[in-house]
Structure formats: C-alpha cells, structure tokens
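Observations on chain architecture
Next come the chains, spelled out residue by residue.
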Amino acid sequence: MELLRLITAGSVDDGKSTLIGRILFDARALQSDQLSALSRARHARTISADAQLDLALITDGLESEREQGITIDVAYRYFRSAVRRYILADAPGHEQYTRNLVTGASQADVGIILIDASKPGLAAGSDSLPAQTLRHTAILRLLRLSHLVFVVSKMDLIAFDEGVFKRIEALVQRLRADLGIESGPCIPVSALLGDGVTYPSIRAPWYRGPSLMQYLDALSIPQRAEPGLARRDGALVFPVQVALRHAGNSQQPLRAYLGTILRGCMFPGQEVVAYGSGAYARVKAVYPASKSRLQPTGPGGASDPAPTPGIPIPSDQDRPSNPIHAATPVAVVLDRPIDLERGDMLGSQPPATPESSRAAPPPGAPQAPGSSANTTEPHALRALATSPEAATELLADFCWLDNQPLDLRRRYALRHTTRLVKVMVTAVEGTLNLETMRYSNAGKAVGANTIGVFRIALQQPIFAETFRKSRALGAFVLIDEVRHRTLAAGMIREIVRIRDDDRFENG
Amino acid sequence: MSATVPAMAEQGHLLRLEAESIEIIREVAAQCLRPALLFSGGKDSAVLLHLARKAFCLGEHALPLPFTLLHVDTGHNFPEVIAFRDRIAAQVGATLCVGSVEASIARGSVRLEHALASRNAAQAVTLLETIASGGFDGLMAGARRDEEKSRAKERIFSFRDAFGQWDPRRQRPELLNLLHASVAPGEHMRIFPLSNWTELDVWEYIGREGIELPGLYFAHLRKVFRRQGLLVPLSHLTPAEHNDAVEEIMVRFRTVGDISCTCLVASTAATVEEVIAETAVASVTERGATRLDDQTSEASMERRKREGYF
C-alpha cells in the first residue's frame, strides 16, 4: 500500500471542511465517538439545513478556530482507500495564513483547489475566477506539486447546472495555461450530498469524468516527488545528517555517517566524493536502517552479554552487493578517514560546474497570461546528467513566515538539506501582488505572508539545484538564530554565480 | 504471523513512515544537546524506541543510543507495564530517568483534590520538573496526529516556552524536512516522530517487526464494571460502587496509561494479527474507547497541552 500526500486549499466558505469531512466519512475514517462529539461541539456555524451532520466540524480543531469558525493552522487527516493510504493536510485559505498553506503544501504530492460554484460572480457568468483561487493556485504552483486538481464545490446550490460548471471549467483551463500547469481534471461535487467525492455524481449525469477519489486512487506518484526521476535514477546525492566519530569499539575504531539517500543509489565499492573538500573515498559498507537486526545489548538481554562483537564490515570479495536506493535512511562507512561533517554531502560525481546548468530557463512563477517560457518542464535527462552545484549566491522565490519583517542589514542562517550557513539577503527583486498576481519591484516591505523573489549571498557554498529540478535540493529556510524563529521558506530559482576562490577543484 | 500480515511489497506505506521517523529521530540527535525519549512501556513508545534503535545501528551492531529514556510515573501505573519498561530499558542498555508524581506530591508542587483523583493531569507538573532537573532540550514522544483533534494540528517539532507551555500561535513552520530545534535556555522542543502514523500503522508495524509489548495489550480475563459506557478495570484505584455490576470478561487495553483513567475494550484478540484485524474495523477511536478524562470537555486535551501535558 503506497502513501499519497494531499493538500486542500480553499477558504471555509468554499466548503473545504465539508469536503474533507465527506472524504473521511465515506472512507469510514470517522468513528462513532467522533460523530457524537460533533453533536457535543458548540459552534457558531449553523448545522446544514436538512439537519445532517455538520461534516465541517470534524476538521476545525482548535478552540480559537471553533470560536471564529475559521481554519488557522494546518491539520492533518489520515484515511485509507482500497488501494492507498492518504495523508491530507487541511490548510487555511485566508490570505493572512498564506504561510501555513505554503508549509503544508511543501510536503504534498497533490493539491486540491476548491472553487465555490455558488459564488454570485461565477453563477452570473463572471469571466474570471475568484482572486483567492488564483492565489491558491499560484502558491501551489510555486511549490511545484506534481498534480493539481480543481474541485467545483456546492453544485447542489446551483442545481447541478452544467452550463455554470462548463464556464468554470473553461476558466480553469485558461488558468492552467497561464501558469503552465499540466492538465488534470476539474470535478463537479456536492460534498454535502456526497456527489462526485468518493462516488460518481448521480445528480450530474452529464459529467463523465472520475470522482475525486477515483482520480486520486488512479494517480501514479514518484517517491518523494523528485520530478522526472525514478528512485533508482541519477547520480548519488547523500547529505550527511549525523557524523559519528566513535561508532566502533576499542578494537575497531570507526566513523559512520548517518543520513537518508536523497537521489541515486549507494553500494559497497562505490567511489564517492565529498562536496566542499573534494576528497575521494570508497564506500566500505552501507547499512539500510530498515534492515537493522536488533539484538538485546544490555545485561537484561537474551544474547551473550560478552563484549560487543566486531562490526561486520564486508570484505572486498563480498562486493558488489545490492545497491541501496534513494529515500532510504542508511548508515555509511567509508574506506578511509576524510573530512566529512553534518551538513556536508557525498556524491558519486563532482558538483556540476556553473556552465553545465546555466542553460535552464527561468522557473515558472506566476506570470502574465500568454507567456510561454514556463510551460515546459526541463527534461529529466538533464537532471540525470548533472549533480548539485556549488552556490554562493542565489535568486529565490520566498514566502516570509515570521511576524518580524525582513531586515536587509541583518545576518541570518540558511538551512538547506542538513547544512546551515550564514547568509545575507542582498536585494528584494520583487514582491507578488496577490490581487493582480503580478510581481512589482517597487521597494515594498517584506513582512508576514509576503511572497516575492530575493537575492541571497552565502558565506559558505551550499550544493543545490533549482527548485523546479528538485524540491529537496532547491528548498531552504531562513532562520533567525537570535530569536530561534523560522523566518522564510525559500525555493531556489537560479544559482547566480560561483566565486573563483570557492570553485570546486577536481583533485 | 505471516498469514495475515501483508507481504513486504504491500507495505510501502510502512517503509515510508519508518524512513520519515528515522530521519526525524536522527535530526533530534544531531540538533539537540540533551535529547530524551519518553518511554512509558506503552505500544507507541515501544515502536518509537524500536525506531530509535534502528536509526543507530550498523547492520547487527547497535550503536549506543544517544538518548536518555524518560518516564513520568504517576504511581498509578500497571505493575506489569513498569516491569516491562525496566526490562526493555536494561535490554537496550539505555539510561532510564523516572520522574515521580508521588515525589511531586511530597514536595508540594502537585496537589490533588482527593487521594484517588486521577493523576493524569498532574503528570505535566512532574514532567516539567524532570525536564528542568535533567536539562533536557529535546523530548521525543510517540504521540500521533490521528489520536485527537488538537493533536491533528501538532508540528513534528513542537516548541514549548520556558514554562513548558504549548502555544499554537508560536509553533514553527515546517518546510519539507527542514526542521530546526534550536531554543533559548529553559525552553525545549517536543518531537513526535510518529506524527503521521495511525493506530493501524502502529499495529501493522509491531507485527512486521515483531516488537514486544506488555501482555495487557492482548485479550485476557479481567474483572470489570461499566461506567459512562466504558469498561472500567476493577482495581484498588477504580473500586466498584454498590450499584456497579462486576463481571469477568475477555478484554484488552488499546492504550495503557494511568490506572485511574484507562479503560478496556471487550476483545478476544490474543495475537498481533487479531489485534490488526480488530483495529481495521474498530468503530470508536483509541482515546474515545478508553479514556475517562478526555470526554470531560470537547477541548480538554488542548487545555492540558497548553499546560505542558504531552
């Protein structure tokens, strides 16, 4: 059974909570005590007209949220269908909680965007989608979810009018084209009545597509959402999470490196290079954590309490053993001591040179209709051929998360994979106007929920790729080390240049 | 065991959950100066300890566990669970640090309404005292988001201020796996590596890995009586009153906590596979079936969490 992560974006008024309640109800993920708690819960919002359960109440967790009748924070829900295990992140829709949508979406494979069919403008034939829908779509696009599905909700309130739905569907098509989002379904639903959510709609016989859950169950999703890359493809990328200097015993001193393989595979005998120092070594042994064979170790244990036996390092004759693939947590032992710490990275190829990756087109942030530069993804083959690049200056999309505004005079910390480096934001190139969905470069202050593009200078290089190539190698957060706050989420647009003195030297 | 536990190929979700949890546990070891793992002997903490051991292992060679094991003993715990806790802690060669609610009562920092009152809420005080005296800056625990509404909004790295308080508005945004644990002195981080697991995942994983649990989790004969629709175990802390009808039936615990507030479910599930089958079709949540205190108010867990409860 595979795991699929979803995020729903939409405001309370769009019927998002009811949709989630319906999904959980149909999946039998709600249990009798939860249903009876719904009738105990006091809530300002009214129970639906025909006195059915208010399914929306299931998802409003915190007291302050119930009092205000809105969703503030991301809530996570768990359910299973016949074929999949799902994690659904229920994110708030209000503009003032944009940051929660951004962080919730960062882990999701699929975004579900709700459009309320009963909105007066849409029903009356407006020629644009609500501003909020544009904003949610743009944010999910910025975070590069592999699939976006549009759900046209509250169809019961417009009597399942095919004409209204078709008009909304056409607007969605235009939005997809504008933002360069690959095609995907637009599904009419009534979460209240259960139409089109899990089961096909009986009240909209003119709709021939899948229900929402039929669509989701049929999706195929790559592990860890590395676009275009299967688990086995690509050169090895292994960020060191923990460096253990004394992993062995007194007879066999040993260094071990713990971490999760980010891309490619690892096997004994493989030649690896430490990014940064440029030192080469061979992999002596790689132990997947899932295959650890645990034995009692202490005096209460059943096994021999004698001194710890020697560590079974495979001899050269044992090679090659099965390669261990990406997304696997492992412990690695190398054949020689090299300078390698938490935050460093091991690769099977040296880092890419700036020339080899400069050809990538600027990434597709929300742009004006009609621009075509961002409608094609860079081909996966290029990602196969290149490794992360040493970066000391970045151009990045960001969402500012903290209540204290950006201060260009201050030094912050940047966390990328397991690496923490000092940085300064050198310039704000533009901020996104959420009303017009256009960037302006007027020197607007950057505060909570601001989305924009900034330029960052790094004190030490990170080994990165653009976010469009890799979410894991293209994402970072900014941290205020004095206040211990997470300030901003960053998505790398472009690795600007490499200073000559930091250029990686291939020994 | 192999008869009902799905084959490896069908357990992709367990591997992905395991990988996520191990990455989180290693992150705690890398970032916290004095990390601890809350180990009560209950099933979630047994799974958490198992994952922590797998995270620090070279094949068959276990590395020293870089965490202290921590438990808050209310003095009202099931003796067999305490024995299990001590035995497993010794087996894995870890240091076990126990905070005692009775010691807090003796010290005067905890006052109960009456001698038999539930000590569940008082645990928070003792826990904070234990954290302060041990200087712990990161506490891992086996709480899951599917347990309860306010937990559904919990971060993986959950920030607690100098008073140990949880404030939903001060939680840190978590982008991808870029979690950060740095705190000011006196503050600490609570970390929930099993956040994305469900009760069923936990049981499937216990079956897959052969994780040992206290016998209370499996069906056994026990004297019980019914109160507020719940099955209460007959004990010196939960005595029957004159109109309670005591009966002896086959039961098991779905959660194991303080005796005074943990209830039973009627069950004949004597093996992990049978428990998995039962969990898959359960019609009541884990806490709903078994906790006397959570029903008190719709927001009772949220209020207790604000006060430093796990």
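Residues numbered from 1 in each chain as written. Chains lettered and ligands numbered in written order. Predicted model: local features only at pLDDT ≥ 70, side-chain atom pairs only at ≥ 80, totals over all residues.

**Topic: the overall build of chain A**
Broken down by element type, chain A carries eleven helices and 22 strands. Residues classed as buried in chain A amount to 50% of the 507 residues present. Residue pairs in contact within chain A that sit at least 24 positions apart in sequence constitute 75% of those at least 6 positions apart. (Helix = DSSP H or I, 4+ residues; strand = E, 2+ residues; numbered from the N terminus. Buried ≥ 20, exposed ≤ 12 C-beta atoms within 10 Å, placed from the backbone. Contact = placed C-beta atoms within 7 Å.)

**Observations concerning the domain arrangement of chain A**
Residues and elements named next belong to chain A. Each assigned domain of chain A is listed here: domain 1 (2–221), domain 2 (237–293 + 310–347) and domain 3 (388–502). Contact with domain 2, which involves ten residues of that partner, is made by eight residues of domain 3. For the side of domain 2 that touches domain 3, the class distribution of residues is six nonpolar, three polar and one charged. (Domains from an automatic or database assignment. Nonpolar A, V, L, I, M, F, W, Y, C, P; charged D, E, K, R; others polar.)

**Some remarks on the sheet that holds strand 4 (residues 68–73) of chain B**
Residue and element names in this part refer to chain B. Taken in spatial order, the six strands line up as 5-4-1-6-8-7 in an open sheet, and their pairing is mixed. Edge positions in the open sheet fall to strand 5 (96–100) and strand 7 (157–160), since each of these has one partner strand only. Sheet twist, expressed as the mean angle between neighbouring strand axes with direction ignored, is 30°. Taken together, the four bridges between strand 7 and strand 8 (residues 188–191) define a ladder with antiparallel strand orientation. The residue bridging Phe157 from the neighbouring strand is Ile191, located in strand 8. In the packing of helix 1 (residues 12–31) onto the sheet, the strands contacted are strand 1 (35–38), strand 6 (138–140) and strand 8, and the crossing angle to strand 6 comes to about 155°. Along the sheet, helix 5 (residues 123–134) contacts strand 1, strand 4, strand 5, strand 6 and strand 8; its crossing angle with strand 5, the most-contacted strand, is approximately 135°. (Pairing = 2+ DSSP bridges. Axes fitted to C-alpha atoms, helices over the stretch in contact; angles between N-to-C directions.)

**Considering the sheet that holds strand 2 (residues 75–80) of chain A**
Residues and elements named next belong to chain A. Spatially, the six strands line up as an open sheet ordered 2-3-1-4-5-6, and their pairing is mixed. The sheet terminates laterally at strand 2 and strand 6 (186–188), the two strands that pair on one side only. Across the sheet, the mean angle from the axis of one strand to that of its neighbour is 25°, orientation sign disregarded. Note that strand 5 (residues 147–153) and strand 6 share three bridges and pair parallel.

**Things to note about the pairing of strand 9 (residues 256–260) of chain A**
Taken residue by residue, a regular strand's side chains alternate between the two faces of the sheet. All names here are of chain A. With five of five residues buried, strand 9 lies mostly within the body of the structure. By the alternation rule, side chains of strand 9 split into Ala256, Leu258 and Thr260 and Tyr257 and Gly259, which are all buried. Alignment of strand 8 (residues 242–244) against strand 9, held across three bridges, turns out to be antiparallel. The partner of Ala243 across the bridge, within strand 9, is Tyr257. Strand direction decides the pairing type here: strand 9 and strand 14 (residues 329–334), joined by four bridges, are antiparallel. By the bridge assignment, Tyr257 is partnered in strand 14 with Val332.

**A look at the confidence of the model for chain A**
Residues and elements named next belong to chain A. With 74% of its residues at a pLDDT of 70 or more, chain A has an overall mean of 80. Element-level pLDDT for chain A is lowest in helix 10 (residues 380–385), with a mean of 42, against a maximum mean of 98 in strand 17 (residues 412–416). Counted against residues more than four places away or in other chains, residues 316–320, with its pLDDT under 50, gives seven contacts. Here residues 356–385 is a poorly scored stretch, pLDDT under 50, and it has 41 contacts once near neighbours within four places are set aside; other chains count. (pLDDT = per-residue confidence, 0-100.)

**Observations regarding the interface of chain A and chain B**
With 64 residues of chain A at the interface, the matching set in chain B holds 56 residues. When residues of the side of chain A that touches chain B are assigned to their parent elements, the largest contribution, five residues, is made by helix 2 (residues 32–40) of chain A. Split into classes, the residues belonging to the side of chain A that touches chain B amount to 32 nonpolar, 19 polar and 13 charged.

**Comments concerning the packing of helix 2 (residues 43–55) of chain B against helix 6 (residues 199–209) of chain B**
Residue and element names in this part refer to chain B. Where helix 2 contacts helix 6, the two axes come as close as 11 Å, and the packing angle between them is 50°. Comparing their axes, helix 6 and helix 2 come out oblique. You can see that helix 2 and helix 6 cross each other, and the crossing is left-handed. Here helix 2 contributes Lys43, Asp44, Val47 and His50 to the contact with helix 6, which in turn contributes Val202, Tyr205, Ile206 and Glu209. Classifying every residue of the contact of helix 2 with helix 6 gives four nonpolar, one polar and three charged. (Parallel < 35°, antiparallel > 145°, perpendicular 65-115°, else oblique. Left-handed = near helix turned anticlockwise from the far one by under 90°.)

**Some words on the nonpolar core**
Formed by 221 residues in total, the largest nonpolar core has its most connected members in Ala105(A), Val151(A), Val152(A), Met266(A), Val332(A), Leu37(B) and Ala52(B). Every residue in contact with Val152(A), bar those within four places of it in the chain, is listed here: Ile115(A), Ala117(A), Phe165(A), Ile168(A), Cys186(A), Ile187(A), Pro188(A) and Val189(A). (Core = buried A, V, L, I, M, F, W, Y, C linked by C-beta atoms within 7 Å.)

**Remarks on the packing of helix 1 of chain B against helix 2 of chain B**
Residues and elements named next belong to chain B. Where helix 1 meets helix 2, the axes come as close as 9 Å, and the angle between the chain directions of the two elements is 75°. The angle between helix 1 and helix 2 places the two elements in the roughly perpendicular class. The residues of helix 2 that touch helix 1, namely those facing Glu18, Ser21, Ile22, Ile25 and Arg26, are Leu51, Ala52, Lys54 and Ala55. Classifying every residue of the contact of helix 1 with helix 2 gives five nonpolar, one polar and three charged.

**Let's talk about the confidence of the model for chain B**
The predicted coordinates of low-pLDDT regions are not to be read in fine detail. Residue and element names in this part refer to chain B. Per-residue confidence for chain B gives a mean pLDDT of 87; residues scoring 70 or more make up 89%. For the stretch residues 1–9, pLDDT sits under 50, and the model shows eleven contacts to residues farther than four places along the chain or on other chains. Residue range residues 295–299 is modelled with pLDDT below 50. Its contacts to residues more than four positions away, or to other chains, number four contacts. Overall fold confidence (pTM) sits at 0.87, and the ipTM for the predicted complex is 0.88.

**Re the environment of Ile479(A)**
With respect to the element layout, Ile479(A) can be found in strand 21 (residues 475–480). C-alpha of Ile479(A) to C-alpha of Lys422(A): the two residues are 57 residues apart in sequence and 9.5 Å apart in space.

**Comments concerning the domain arrangement of chain B**
Residue and element names in this part refer to chain B. Parsing chain B into structural domains produces domain 1 (8–211 + 299–306) and domain 2 (215–290). Taken over C-alpha atoms, the centre of domain 1 sits 24 Å from the centre of domain 2. In this complex, domain 1 contributes 20 residues to the contact, which on the side of domain 2 involves 19 residues. Where the side of domain 1 that touches domain 2 is concerned, the elements lending two or more residues are helix 3 (79–91) and helix 6. Looking at the side of domain 1 that touches domain 2 element by element, the count peaks at six residues for helix 6. Looking at the side of domain 1 that touches domain 2, its residues break down into six nonpolar, seven polar and seven charged.

**Remarks on helix 7 (residues 162–179) of chain A**
One turn of an α-helix holds 3.6 residues; hence residues three or four places apart share an orientation. Residue and element names in this part refer to chain A. Taking 1.5 Å as the rise per residue, helix 7 with 18 residues should run 26 Å; its terminal C-alpha atoms sit 26 Å apart, in good agreement. Turning to helix 7, its buried residues number three or more, namely Val164, Phe165, Ile168, Leu171, Val172, Leu175, Asp178 and Leu179. Relative to the axis of helix 7, the buried residues are bounded by an arc of 135° and lie together on one face. Exposed and oriented more than 90 degrees from the buried face of helix 7 are Gly163 and Ala170. Close packing links the buried residues of helix 7 with strand 4 (110–116), helix 5 (120–123), helix 6 (131–142), strand 5 and strand 6. Two residues or fewer past helix 7, Gly180 is found with a positive phi of approximately 70°. (Expected span 1.5 Å × (residues − 1). Arc of directions from axis to C-beta.)

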